[in-house]
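These are the residues of each chain, in order.
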Amino acid sequence: MLYFEDFVPGSVNEYGSLPVSQDDILAFAGRFDAQDFHIDPDKAKASFVGTLIGSGWHSCALLMRLAAEAFFLDSTSMGSPGVEEVKWLRPVKPGDTLRLRWTVAETKESRSRPEMGLVKFRFELLNQRGEPVVEQNNWVMFGRRGSGFEAARGDWLAHSASYEPPQLTTSVEAPTKPTASPRYFDELAIGDSYELGSLVFTPQEIVAFARSFDPQPFHMDEEAARKSSFGSLCASGWHTAAGWMAAMVSHRRRQEAMLAPSAAPRLGPSPGFKNLRWLKPVYAGDRITYHSAVADKRPSSSRPDWGLFFHHNTGVNQKGETVLSFEGCVFLERKR
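All of these numbers come straight from a predicted model, not from anything done at the bench. Going along each chain's sequence as written, the residues are numbered from 1 onward. Residue-level local features of this predicted model are given only where pLDDT is at least 70; pairs of side-chain atoms are given and counted only at 80 or more, and the full residue set underlies all totals for whole chains, interfaces and linings. Hydrogens and water molecules were not included; the side-chain quantities draw on all heavy atoms of the structure.

**Re the environment of T103**
Under the convention used in this document: Note on conventions: DSSP H or I runs of at least 4 residues are helices, E runs of at least 2 residues are strands, and numbering of each starts at the N terminus. Only protein chains enter the accessibility calculation, which uses a 1.4 Å probe; a residue whose area is less than 20% of its type maximum is buried, one above 50% is exposed, and one in between is partly exposed. In what follows, a contact means two residues having at least one pair of non-hydrogen atoms within 4.5 Å.
The topology assignment puts T103 in strand 3 (residues 97–109). T103 gets classed as buried once you look at its relative accessible area, which sits at 18%. C-alpha separation for the pair T103 and H312, spaced 209 residues apart in sequence, amounts to 29 Å. The residues touching T103, leaving out its near neighbours within four places in the chain, are S11, V12, K120, F121 and R122.

Here you go:
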């Protein structure tokens, strides 16, 4: 059992050999990120990237799965407050095999909660050629040795499924306000904001997602969750974030339906995001409503037909509490 004191700054470790098939990519994207270059091999050839690639959120979920197998499930992990930055450096393609490399960058004791400490990690997801495809920097909370904190024990990995995404059935509910027509990069106005839709997190789906990607006890078992710092079964932060992506795609589909297919601007991939904060747990039964606002934009120097737009995103529960926020960016087609 690893405690806060067992993580030494500067230490580097590697773990895993996780193959990713085309079916894996299609299954995750079909649920959370159903853009053409993630779900349709033929349409992907005409896209920004020119081939089928995995969703960046899928890559983050696979990184979490490998981290859970490598050491989280044998530790006093108390979850993470968020992620400072994720860079999607290279696409994950069908047939890739992934492994995890993690570096302990920094540790610090908690001033407000003496029973725990925080560890800052630099995670890298590497492909079979040793190339980083994802880089992630974030803090994780761990119980301290001698504090009386004990992790909920149990062979959670043995009870988890393969990492393939489960069949989830809850769909995104559209907002009551009419959806605006999609805009090209040149037409975007800083400050424009949108309600993307809402999603109910059922106990079954919380457990199903966790079983595949984040099998920590407070996401997998109600009794274990009650004994944890969360107090009740709660969704993986990556489940909450993937829900935002599902709402965004649903919003785009409603926008595109208002125009002829050839008239809708194309959305490209994202290079990553910053300042992701899991501000409050998402408990079973919570309804999360997702929003996005245009924060900034700039033309692409390398792709003159495209621009990068930056967006501020939130998820708000039924009590009006913000549970998720992050700053994203994505390529968007310029007006011809």
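From this point on, the discussion continues.
**Thoughts on the packing of aromatic side chains**
Operational definition: Here is the rule: rings of Phe, Tyr and Trp (six-membered ring for Trp) pair when centre to centre is within 6.5 Å. Planes less than 30 degrees apart are stacked, more than 60 are edge-to-face, and the remainder are tilted.
In this structure the tally under the stated criterion is 24 aromatic pairs. Taking the centre distance of 5.8 Å and the plane angle of 85 degrees together, the rings of F32 and F209 count as edge-to-face. Of this pair, F32 sits in helix 1 (residues 22–32) while F209 sits in helix 6 (residues 203–213), and the two are 177 residues apart along the sequence. Ring centres 4.8 Å apart and planes at 35 degrees place the aromatic pair F48 and F331 in the tilted group. One end of the pair, F48, is in the loop between helix 3 (41–44) and helix 4 (56–70); the other, F331, is in strand 10 (residues 322–333), with 283 residues separating them in the sequence. For the pair F48 and F331, one class covers both residues: buried. These aromatic residues form a ring-pair network of at least three members: F7, F71, F72, W102, F121, F123 and F142.

**Some points on helix 6**
In an α-helix there are 3.6 residues to a turn, and that puts residues three or four apart on one side. The buried count for helix 6 comes to eight of eleven residues, which makes it a mostly enclosed element. All buried positions along helix 6 are accounted for by E205, I206, V207, A208, F209, A210, S212 and F213.

**Thoughts on the side chain of D96**
Heads up, the condition is: Neither His nor the chain ends is counted toward charge; the positive residues are Lys and Arg and the negative residues Asp and Glu. Salt bridges, as used here, are contacts in which a Lys or Arg side-chain nitrogen is within 4 Å of a carboxyl oxygen on Asp or Glu.
Here D96 shows up in the loop between strand 2 (82–88) and strand 3. Look at D96: it is buried, it has no salt bridge, and the nearest opposite charge is R129 at 4.6 Å. Those residues in contact with D96 that sit more than four places away from it in its chain are L18, P19, V20, P91 and Q128.

**Here's the deal with the sheet that holds strand 7 (residues 272–278)**
The following threshold applies: Pairs of strands are assigned from DSSP output, requiring at least two bridges between the strands. Axis angles are defined between N-to-C directions and span 0 to 180 degrees, where every axis is a line fitted to C-alpha atoms and, for a helix, only to the segment in contact.
Strand order in the open sheet formed by ten strands is 1-3-4-5-2-7-10-9-8-6, with antiparallel pairing between adjacent strands. Single-partner strands in this sheet number two, and they are strand 1 (12–19) and strand 6 (193–200). Sheet twist, expressed as the mean angle between neighbouring strand axes with direction ignored, is 20 degrees. Here helix 9 (residues 237–256) sits on the sheet in contact with strand 2, strand 5 (132–143), strand 6, strand 7, strand 8 (287–299), strand 9 (306–316) and strand 10, set at roughly 125 degrees to strand 6.

**Comments concerning the nonpolar core**
The condition that has to hold: Nonpolar cores are built from buried Ala, Val, Leu, Ile, Met, Phe, Trp, Tyr and Cys residues. Side-chain atoms within 4.5 Å join them into one set.
Residues W57, F121, W238 and F273 are the most contacted members of the largest nonpolar core, which totals 72 residues. In contact with W57, not counting residues within four places along its chain, are F28, D33, W88, W238, A241, W244, M245, F273, L276 and F326. Within the second largest apolar cluster, seven residues are counted, among which are F185, L188, F309 and L332.

**Let's talk about the pairing of strand 4 (residues 116–126)**
Most of strand 4 is tucked away, with ten of its eleven residues classed as buried. Sheet analysis places strand 3 next to strand 4, joined by ten bridges and oriented antiparallel. Across the sheet, the residue bridging to L100 is L125, located in strand 4. Here strand 3 folds back onto strand 4, and the loop between the two strands holds six residues. Taken together, the eleven bridges between strand 4 and strand 5 define a ladder with antiparallel strand orientation. If you follow L118 over to strand 5, its bridge partner there is M141.

**Quick notes on the confidence of the model for the chain**
Caution is warranted with low-pLDDT regions, since their predicted coordinates should not be read in detail. Quick reminder of the rule: In predicted models, pLDDT denotes the confidence assigned by the predictor to each residue on a 0 to 100 scale.
Looking at the chain, pLDDT values average 91 and 94% of them are 70 or higher. Mean pLDDT across the elements of the chain bottoms out in helix 5 (residues 156–159) (55) and peaks in strand 7 (98).

**Points about the packing of helix 4 against helix 6**
What counts is decided by this rule: Any angle that falls under 35 degrees is termed roughly parallel, while one over 145 is termed roughly antiparallel, one within 65 to 115 roughly perpendicular, and all others oblique. When residue character is reported, Ala, Val, Leu, Ile, Met, Phe, Trp, Tyr, Cys and Pro are called nonpolar, Asp, Glu, Lys and Arg charged, and the others, Gly included, polar.
Contact geometry of helix 4 with helix 6 gives a least axis separation of 8 Å together with a crossing angle of 70 degrees. One way to sum up the angle between helix 4 and helix 6 is to call them roughly perpendicular. In this structure, helix 4 contributes H58, A61, L62, M64 and R65 to the contact, and helix 6 contributes F209, R211, S212 and F213. Within the contact of helix 4 with helix 6, the residues separate by chemical class into five nonpolar, two polar and two charged.

**Details of the pattern of salt bridges**
Scanning the entire structure with this criterion turns up 24 salt bridges. Linking E14 and R101 is a salt bridge whose minimum nitrogen-to-oxygen distance equals 3.5 Å. Here R101 lies in strand 3 and E14 lies in strand 1, a separation of 87 residues in the sequence. Bridged by salt links that share partners, the residues E14, R99, R101, R122, E124 and E135 form one connected network.

**Here's the deal with helix 4**
Inclusion rule: Multiply 1.5 Å by the residue count of a helix minus one, and that product is the helix's expected span. Within 3.5 Å is the distance limit for a polar contact, defined as a pair of N or O atoms, with the added protein rule that one can donate a hydrogen and the other accept it, and that residues adjacent in sequence qualify only through two side-chain atoms.
With 15 residues, helix 4 ought to run about 21 Å at 1.5 Å a step, and its terminal C-alpha atoms sit 21 Å apart, in line with that. Judged by how many residues are buried, helix 4 sits mostly within the fold: 13 of 15 residues are covered. The N-terminus of helix 4 is capped by S55, whose side-chain oxygen sits 3.1 Å from the backbone nitrogen of W57.

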